[in-house]
Amino acid sequence: MIHHIEIYVSNLEKSTEFWGWLLEDLGYSVYQKWDMGQSWILGDSYIVFVQTEKRFLDVPYHRCRVGLNHLAFHARSKQHVDDVTSQLKEKGVTILYNDKHPYAGGENYYAVYFEDPDRMKVELVAPVL
């Protein structure tokens, strides 16, 4: 089990606004908050977002470089994936692989793929029944 994940972001305000509603919808609750970061917890695992220092903002994140490619979360159901997809669209978030949505991962893989404000790919996957 993962203890915690810490992600450095280019704009903490945008990132916490983006991630807050999503993580809380997934059952996480606010855990820690300070000037340069915020975290959400679920069970014994938490996710932390920290404002990157200005001197390190010269090279933006790209999921195809060395490092983290994406985060994938469990959805409660296919309907949950659909509901979150609708919310993402209402918020102006681009759905990745829209031409194959919600089966971009394959015919037995019901999910939505999208990007956070720093373009980290995020995936919400329905359970296989």
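For the structure itself, consult the block above.
Fair warning: this is a prediction, and the values are worked out from it, not measured in the lab.

Caption draft 1: Representation of the overall build of the protein chain within the structure. The secondary structure content of the protein chain amounts to two helices and seven strands. The order of helices and strands in the protein chain, counted from the N terminus, is β-α-β-β-β-β-α-β-β. For 129 residues, the compact-globule formula gives about 14 Å, and the C-alpha radius of gyration of the protein chain, at 15 Å, lands near that figure. Across its three principal axes, the protein chain shows a C-alpha extent of roughly 45 × 30 × 30 Å. Sequence-distant contacts in the protein chain: of pairs separated by 6 or more residues, those separated by 24 or more amount to 56%.

Caption draft 2: Expanded view of the environment of Gln-87. Looking at the element boundaries, Gln-87 is found in helix 2 (residues 78-90). For Gln-87, a relative accessible area of 30% gives the class partly exposed. Separated by 68 residues in sequence, Gln-87 and Trp-19 place their C-alpha atoms 13 Å apart.

Caption draft 3: Highlighting the environment of Lys-78. Within the secondary structure, Lys-78 is located in helix 2. Judged by relative accessible area, which is 42%, Lys-78 ranks as partly exposed. Between the C-alpha atom of Lys-78 and that of His-62, which follows or precedes it by 16 residues, the distance is 29 Å.

Caption draft 4: Examining the nonpolar core more closely. The biggest cluster of nonpolar side chains holds 28 residues, and the ones touching the most others in it are Trp-19, Phe-49 and Phe-73. Trp-19 has contacts with Phe-49, Leu-71, Phe-73, Asp-116 and Val-122, leaving out every residue within four places of it along the chain.

Caption draft 5: Molecular detail of the sheet that holds strand 3 (residues 37-42). One open sheet accounts for four strands, arranged 1-4-3-2; its pairing is mixed. Looking along the sheet, the strands with just one partner apiece sit at the ends: strand 1 (4-9) and strand 2 (29-34). Adjacent strand axes in the sheet meet at a mean angle of 15° when their direction is disregarded. The sheet contact formed by strand 2 and strand 3 spans five bridges and is antiparallel. Its bridge partner being in strand 3, Trp-34 is matched across the sheet by Gly-37. Running over the sheet, helix 1 (residues 12-25) touches strand 1, strand 2, strand 3 and strand 4 (45-51) and is turned about 10° from strand 3.

What counts, and at which threshold
- Residues numbered from 1 in each chain as written.
- Predicted model: local features only at pLDDT ≥ 70, side-chain atom pairs only at ≥ 80, totals over all residues.
- Heavy atoms only, no water.
- Helix = DSSP H or I, 4+ residues; strand = E, 2+ residues; numbered from the N terminus.
- Rg over C-alpha atoms; globule rule 2.2 N^0.38 Å.
- Contact = heavy atoms within 4.5 Å.
- Buried < 20%, exposed > 50% of the residue type's maximum accessible area, 1.4 Å probe, protein only.
- Core = buried A, V, L, I, M, F, W, Y, C linked by side-chain atoms within 4.5 Å.
- Pairing = 2+ DSSP bridges.
- Axes fitted to C-alpha atoms, helices over the stretch in contact; angles between N-to-C directions.

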